[in-house]
Amino acid sequence: MIPFIHTLNALLPFFYLITFIIYLYDFYKGGEKFHNSKRLFLFLTLLFHFLYLLVRTIEFNHPPITNVFEIFTVLAFSISFSYFILELVTDIRGTGMFIIIISILFQIISSFFIEDLIEVKEVLRSNLLGSHVFSALLGYAGITISAVYGFLYLILYKELKTSKFGLIFDRLPNLEVLEKLSFYSAVIGFVLLTIAIIIGIIWLPQAFPDFSYTDPKLIGTMLVWILYGIGLINKITGKWRGKKLIILSIIGFALAIFSTILTNFLARSFHSFY
């Protein structure tokens with residue numbers, strides 16, 4: 001089974017790369033040639049990736065969350081899966097290349113450095129922990145996609161202001177649609193992050209009787225959750241819209257990245273148990 005896992009791992013970057021090339025070609029050439037087939041390629045890539053994660057979990061008897069490189073492959077899957085759902089819901093297919101390239105980077109790093117971890121701490125074999133981490137990564141994937149659409153919004157906004165109408169102007173949806181995509185992605189991220197927090201509240205006392213709610217990662221996650229919660233409430237109530245909401249989305253993403261770096265590499269946290 002392990003050689004089969006290694007083969008899947010080696011092929012995954014190529015699956016993502018082929019999917020990206022199809023989305024890239026469609027973005028530059030336009031037309032209807034790959035309008036439907038690119039979504040099929042993305043679906044097959046995600047199916048292949050899910051098979052890899054499932055087989056790896058069964059073979060090593062733990063969710064693929066025991067080190068940073070396992071988490072990277074789950075994050076690559078989460079980002080593309082979140083985009084796939086968003087594309088199905090909105091039927092807007094012209095922005096996939098900007099999202100899938102992020103998955104490629106995470107998957108390439110993972111495929112090069114991931115190891116076969118058979119012996120791991122017992123806490124890492126918890127299915128509840130696996131659900132917590134998967135929900136959190138899907139939540140952060142939604143936040144990432146929201147920020148990408150935020151950056152695209154600002155790029156298009158600048159082109160409109162300077163009256164420079166190039167390929168970006170021709171291919172990207174209008175500002176209103178980009179704002180909606182950023183908002184929908186933020187909603188997906190917020191809901192999944194909420195689920196991860198709820199699971200964490202249930203799981204933490206069982207796994208770590210002496211844990212503290214002042215843990216840096218808990219505080220960082222709650223700050224991100226509160227920030228997006230404020231933004232979504234103000235959007236729904238009509239108080240915030242347009243560029244203001246987009247900037248908040250980007251700030252929230254930056255806070256999430258900063259919090260992750262700080263808690264994983266600089267601060268001491270019970271989350272760093274692998």
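Because the structure is predicted, anything quoted here is derived from the model rather than measured. (Residues numbered from 1 in each chain as written. Predicted model: local features only at pLDDT ≥ 70, side-chain atom pairs only at ≥ 80, totals over all residues. Heavy atoms only, no water.)

Novice: How do you make sense of the layout of surface pockets when you look at a structure like this?
Specialist: The probe, sized like a water molecule, is rolled over the atoms to show the empty space still left. The space that makes up the second largest pocket amounts to roughly 210 Å³. In terms of residue count, the dominant contributor to the lining of the second largest pocket is helix α2 (residues 37-60) (4 residues). For the lining of the second largest pocket, a count of residues per class yields 7 nonpolar, 1 polar and no charged. (1 Å grid on protein atoms, 1.4 Å probe; cavity = no way out; pocket = protein on both sides within 12 Å on 5 of 7 lines; lining within 4 Å. Points joined across faces, edges and corners; volume = space filled by probe spheres on them. Helix = DSSP H or I, 4+ residues; strand = E, 2+ residues; numbered from the N terminus. Nonpolar A, V, L, I, M, F, W, Y, C, P; charged D, E, K, R; others polar.)

Novice: Explain the environment of F72 here, please?
Specialist: The topology assignment puts F72 in helix α3 (residues 68-90). F72 sits 35 residues away from Q107 along the chain, and the two C-alpha atoms are 6.5 Å apart. Excluding its chain neighbours within four sequence positions, the residues that come into contact with F72 are F106, I109 and S110. (Contact = heavy atoms within 4.5 Å.)

Novice: Before we go on, may I ask you to explain the nonpolar core in this structure?
Specialist: The nonpolar side chains of a soluble globular protein tend to be buried with one another. Ranked by internal contacts, the top residues of the largest apolar core, which has 48 residues, are Y149 and L178. Elements with a minimum of two residues in this core: α1 (2-29), α2, α3, α4 (96-113), α5 (127-162), α7 (175-207) and α9 (243-266). The biggest single contributor to this core is α5, with 10 residues. Looking at which domains feed residues into this core, each of domain 1 (1-120) and domain 2 (126-273) gives three or more. (Core = buried A, V, L, I, M, F, W, Y, C linked by side-chain atoms within 4.5 Å. Buried < 20%, exposed > 50% of the residue type's maximum accessible area, 1.4 Å probe, protein only. Domains from an automatic or database assignment.)

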